[in-house]
Each structure stands twice: as structure tokens, then as C-alpha cells.
Amino acid sequence: MLLVTLLCSCSKSEPLYQEQIFALGSLVEISLWGVDPALAAQASARLTEDFNRIHTTWHAWEPSALTRINEHLTRAAAFSVDAELIPLLTRARALSLASGGLFNPGIGKLLALWGFQSDERPNGPPPDAPAIAALVARHPGMADLHIDGTTLRSANPALQLDFGAIGQGYAVDIAIEHLRRLGIHNALVNASGDIRVIGKHGKRPWRIGIRDPRGPGILASIEMQGDESIVTSGDYERYFKYKGKRYSHILDPRSGYPVNGAASVTVLHDNAIVADAASTALLVAGANEWQGVARALGVKHVMRIAANGTVQMTPLLAQRLHFEAAPAPKVELVAPL
Ligand code: AMP
Ligand code: MG
């Protein structure tokens, strides 16, 4: 989960309908522009239902369709699942393979070992090195998940799925699709920082603030153009500190340890699920490695802020992003993706 804050310059005379619902373990904010109250209420009910269904289906540690899948995955036998589960599994598998396994929703065992599959934030100590190494050596990954129609099979008993990195993005894409079907064309959905907008906020575009990964405020803002999504992954979410060292909730599947090179990665893309998978993958990738991973994921708008404060950005995003904090940080422009 991530935090980007919406910049709102709302006034009472503007036909802006805003509602917050609590779902997927956090606040989801829905903003609708120029929609009559009855339709707004209908939309809000629909989205509440969507988010709740996704929560109960895909929860990684409360009993859910996903925990049942994970039980089966520990055994070699094939098993069948509801057809409605297949699109996310297929999409997650493809995104994971494209990211070279840096976005790897198959590392549920490692996430559990680190204590991140819990409603409480872990507080250390970190797990023992041999336990981490033993799980990494079993190489669980999405290539181990065989999907044939609605039949699944695991080629690796260490494979355990956790969609914490893309659950919000997946839900936001569905929410926008449902708003459209209801005839709503100017909206913003923000699931704890995973944002997608359609249309405009009246005469002006929807404007989004991007959080400073090391401070309390907004680092930069961007105006959204029509239908697009913006997602930030940061090491400031759900991290714990132990003996002065920060342990982020995003793990490098290659080492089994939390990322420590990057503080945050922001990705702008048409789909929230792609932006969400990419923001996680690029946070794991190194300073010279992320451009290749972004290219493989079809992502062109990226800002990566290293743990030491260095800001790298793609030219397309640099054209649109406006730094709010003064002085603006020095930006290293990378080659276009
Ligand atoms: P996000 O904030 O979108 O980057 O997602 C972070 C969440 O994704 C964590 O809380 C974990 O549940 C999960 N996660 C951590 N590391 C990875 C990884 N390398 N690949 C996929 N999911 C991960
Ligand atoms: Mg993500």
C-alpha cells in the first residue's frame, strides 16, 4: 500500500461528490464530478461491493479463495478454481514474468516469514538468515503456476501467492470500469494512493500530489490527462525499524531481504494494475536496472527516488511533473524508455 495525497481545491459550489469507504485494509476515496446524488449513491454502493468482494476473495491471511488456492499449491495435484479468479492470476503471472520476477506475487512464504502477512506491523527482529536463504533457494515464482482454463497446478510446493502489491490497482481498474458502465465519465478513485482518473474535475484536470518519501508533505504534483493511473510504491509504508535499521515491506525476491536502494517509485500508466506491479518491481530493481524492467513492462513514465535522495526520471514524466517543494531536487533524466 502506498500513499499519494490528492490535492483538493474543492469549494461548496462545485458539484463534487466525495466519499470514503474502508476496504482492502485502508481508505478508498471516490470523487465524482457533476453526477446527481442518486447516481452517486448508486456508484458508491457498487464500488463498496466491488472492494469488499476483492478483499474477501484475495485476502492473503484471512480465510479466502486465495488461502484455499495456497493450500492446494503446496501439493502437486491439479485443482480447479472459479472462472472469476482466472483474470487476476493470469495478469499477475504475465506481469511477474515481464518484470523478470522482481514483482513476484509467489513469495507469500517470505512475506509471512518477515511478518508482513499480518494486520499488525512487525517490529523485529528480522528473521534468521538461514531461514530466509532456505526459502530463496526454493525459487518460488509465477513460472511455477500453470494455468489451463480454470485448472491450476503448482510445479513448486514453495509457491504461495500474495497479491498485496497489485490488489489495490486491480480493484481501482474494476471500479473505474463500473463507474463508466453507470454512465459516469468524470471520476477519481484513490485506494490508499493507487489512483486512476477518468475525465476532468470540472474545467480543470484532476490534480494529484506525490508524497515526499522522507518528509511529511507533498513533493510534486501532476495534472492527469483523461483516463490514466498513477501509483507510488514507497519504503515508508509498513516498514519497521530494528536497531536503527529500516526494514521495508517490499522484498527483493533474489535476496529475500527488504529493498534498501530506493525510497519510492512513481509510475504513470493507462492501467492501475500495470502501474501497481511496475511500481513494486522498479522499487526492487537497482538504479541502473529499472529502465530495462520498465521497458519490459511497457511503462514510459517513471520517477525513482533513491534512498540517498537522488531523483531519476523519464523525460515524458519530467515534462508533466511539477515539484512543489523548494528547492526542487536535482533530477537526473534517463534516456526515454
Ligand atoms: P506496493 O506497496 O504496491 O509496492 O506493495 C507492497 C506489498 O506487496 C507488500 O506488502 C507485500 O504484500 C507485497 N510484496 C512485497 N515485495 C514484493 C515483491 N517483490 N513482489 C510482489 N509483491 C511483493
Ligand atoms: Mg504495487
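Parameters at a glance
Every residue gets a number counted from 1 within its own chain, in the order that chain's sequence is written. Ligands are numbered from 1 and chains lettered from A, in the order in which they are written. Two thresholds apply to this predicted model, a pLDDT of at least 70 for residue-level local features and 80 or more for giving and counting side-chain atom pairs, whereas whole-chain, interface and lining totals are computed over all residues. In computing side-chain values, all of the structure's heavy atoms are included and hydrogens and water are not. Here, strands pair whenever DSSP counts at least two bridges between them. In this text, helices come from DSSP runs of H or I with a minimum length of four residues, and strands from runs of E with a minimum of two, each type numbered from the N-terminal end. Axis lines are fitted to C-alpha atoms, over the contacting stretch for helices. Their N-to-C directions set the angle, which ranges from 0 to 180 degrees. One confidence number per residue, pLDDT, is output by the predictor and ranges from 0 to 100. Any pair of residues with heavy atoms lying within 4.5 Å of one another is described as a contacting pair. Here, a salt bridge means any side-chain nitrogen of Lys or Arg that lies within 4 Å of a carboxyl oxygen of Asp or Glu. Throughout, exposure labels follow a simple rule: accessible area from a 1.4 Å probe, protein chains only, divided by the maximum for the residue type, with under 20% read as buried, over 50% as exposed, and the rest as partly exposed. By the criterion applied in these results, polar contacts are pairs of N or O atoms within 3.5 Å in which, for protein atoms, one can donate a hydrogen and the other can accept it, and in which residues neighboring in sequence qualify only through two side-chain atoms. Think of the donor list as every N, O and S atom within 2.8 Å of the metal, or within 3.2 Å for Na, K and Ca; water never makes the list, so a site can look incomplete. Nonpolar core, defined: a set of buried Ala, Val, Leu, Ile, Met, Phe, Trp, Tyr and Cys residues in which side-chain atoms within 4.5 Å join the residues together. Each angle is binned into one of four classes, with values under 35 degrees roughly parallel, values over 145 roughly antiparallel, values of 65 to 115 roughly perpendicular, and all other values oblique. By convention, the crossing between two helices is left-handed when the near helix turns anticlockwise from the far helix through less than a right angle, and right-handed when the turn is clockwise. Residues are grouped as follows: nonpolar covers Ala, Val, Leu, Ile, Met, Phe, Trp, Tyr, Cys and Pro; charged covers Asp, Glu, Lys and Arg; every other residue, Gly included, is treated as polar. A positive count includes Lys and Arg, and a negative count includes Asp and Glu. His and the chain ends are not counted in either.

Asker: How should the sheet that holds strand β10 (residues 228-234) be read in this particular structure?
Answerer: Strand pairing within a sheet occurs via backbone hydrogen bonds; the two strands may be parallel or antiparallel. An order of β1-β2-β6-β7-β10-β15-β16-β17-β19 is seen for the nine strands of this open sheet, with the pairing classed as mixed. Bordering the open sheet on either side are β1 (16-23) and β19 (331-333), each of which pairs with just one other strand. Pairs of neighbouring strands in the sheet enclose a mean axial angle of 15°, with direction left out of account. Here strand β17 (residues 311-313) runs beside β19; their pairing, made up of three bridges, is parallel. Its bridge partner being in β19, Met313 is matched across the sheet by Leu333.

Asker: In this structure, what is going on with the confidence of the model for the protein chain? I would like to understand it.
Answerer: Close reading of the predicted structure is inappropriate where its pLDDT is low. Taken as a whole, the protein chain shows an average pLDDT of 94; of its residues, 96% reach a score of 70 or greater. Taken as a whole, residues 1-13 scores under 50 in pLDDT and shows 48 contacts with residues more than four places along the chain or in a different chain.

Asker: Looking at this model, I keep getting lost on the pattern of salt bridges. Mind explaining?
Answerer: Side chains carrying opposite charge are able to pair once their charged atoms draw close together. Applying the stated criterion to the full structure yields 11 salt bridges. The closest approach of N and O atoms between Arg53 and Asp50, which form a salt bridge, is 3.5 Å. With Arg53 and Asp50 both in helix α1 (residues 37-58), this residue pair falls three residues apart, about one helical turn. Judged by its relative accessible area of 35%, Arg53 falls in the partly exposed class. The exposure class assigned to Asp50 is buried, which follows from its relative accessible area of 0%. Across the pair Asp173 and Arg196 runs a salt bridge, and its minimum N-O distance is 2.6 Å. Linking Asp173 in helix α6 (residues 167-181) with Arg196 in strand β7 (residues 194-198), this pair joins segments that are 23 residues apart in sequence. Neither residue differs from the other here; Asp173 and Arg196 are each classed as buried.

Asker: Explain helix α2 (residues 65-73) to me, please; I cannot follow it from the model alone.
Answerer: An α-helical segment advances 3.6 residues per turn. Residues three or four places apart therefore align on the same side. Taken together, the buried positions of α2 are Ala65, Leu66, Thr67, Ile69, Asn70 and Leu73. Considering only its buried residues, α2 is in contact with α1, β3 (79-80), α3 (86-98), β4 (145-148) and β5 (151-154). For α2, the side-chain oxygen to backbone nitrogen distance between the N-cap and Leu66 is 3.1 Å, and the N-cap itself is Ser64.

Asker: Just checking my understanding: could you explain the coordination of the magnesium ion (ligand 2) for this structure?
Answerer: Ideal geometry at a metal centre gives angles of 109.5 degrees when four donors are arranged tetrahedrally and 90 or 180 degrees when six donors are arranged octahedrally. Coordination of the magnesium ion (ligand 2) by the protein involves Ala165 (O), Asp276 (O), Asp276 (OD) and Thr280 (OG1), with metal-donor separations of 2.3 to 2.5 Å. In primary sequence terms, the donor set of the magnesium ion (ligand 2) follows A-x110-D-x3-T. Of the two residues, Asp276 and Thr280 are both situated in helix α7 (residues 272-284); the distance of four residues between them amounts to about one turn of the helix. Take Asp276: its relative accessible area is 1%, and that puts it in the buried class.

Asker: Explain the pairing of β7 to me, please; I cannot follow it from the model alone.
Answerer: Looking along a regular strand, one sees side chains alternate from face to face of the sheet. Of all five residues in β7, five are buried; the element is thus mostly enclosed. Residues Asp194, Arg196 and Ile198 of β7 are buried on one face, and the alternating residues Ile195 and Val197, pointing to the opposite face, are buried as well. Pairing analysis gives five bridges linking strand β6 (residues 187-191) to β7, with the strands arranged antiparallel. The residue of β7 that forms the bridge with Ala187 is Ile198. The hairpin formed by β6 and β7 contains two residues between the paired strands, and Ser192 there has a positive phi angle of roughly 40°. Alignment of β7 against β10, held across three bridges, turns out to be antiparallel. Bridge pairing in β10 places Ile195 opposite Ile230.

Asker: I keep staring at the nonpolar core and nothing clicks. Help me out?
Answerer: Grouped burial of nonpolar side chains is what soluble globular proteins tend to show. If you look at the biggest cluster of nonpolar residues, it comprises 72 residues, and the most contacted ones within it are Phe51 and Leu89. Sorting elements by how many residues they give to this core places α7 first, with 10 residues. Every residue in contact with Leu89, bar those within four places of it in the chain, is listed here: Trp58, Ile69, Met142, Leu145, Ile147, Leu152, Leu161 and Phe163. In this structure, Val197, Leu219, Met303 and Ile305 belong to the second largest nonpolar core, which totals 21 residues.

Asker: Can you help me understand the packing of α3 against α7 in this one?
Answerer: What describes two packed helices is the angle between their axes and the distance between those same axes. The N-to-C vectors of α3 and α7 enclose an angle of 45°; their axes lie 11 Å apart at closest approach. Overall, the two elements α3 and α7 adopt an arrangement that is oblique. Between α3 and α7 lies a crossing of right-handed hand. Residue-level inspection shows Leu88, Arg91 and Leu95 of α3 in contact with α7, the latter providing Ile273, Val274 and Ala277. Per-class residue counts for the contact of α3 with α7 are five nonpolar, no polar and one charged.

Asker: Teacher, can you tell me more about the side chain of Arg238 here?
Answerer: You can see Arg238 is positioned in the loop between β10 and β11 (240-242). Buried within the structure, Arg238 lacks any salt-bridge partner; its nearest side chain of opposite charge belongs to Asp119, at an N-O separation of 6.5 Å. A distance of 3.1 Å separates a polar atom in the side chain of Arg238 from the backbone oxygen of Phe116. Within the structure, Arg238 has its side chain in polar contact with the backbone oxygen of Ser118 (distance 2.7 Å).

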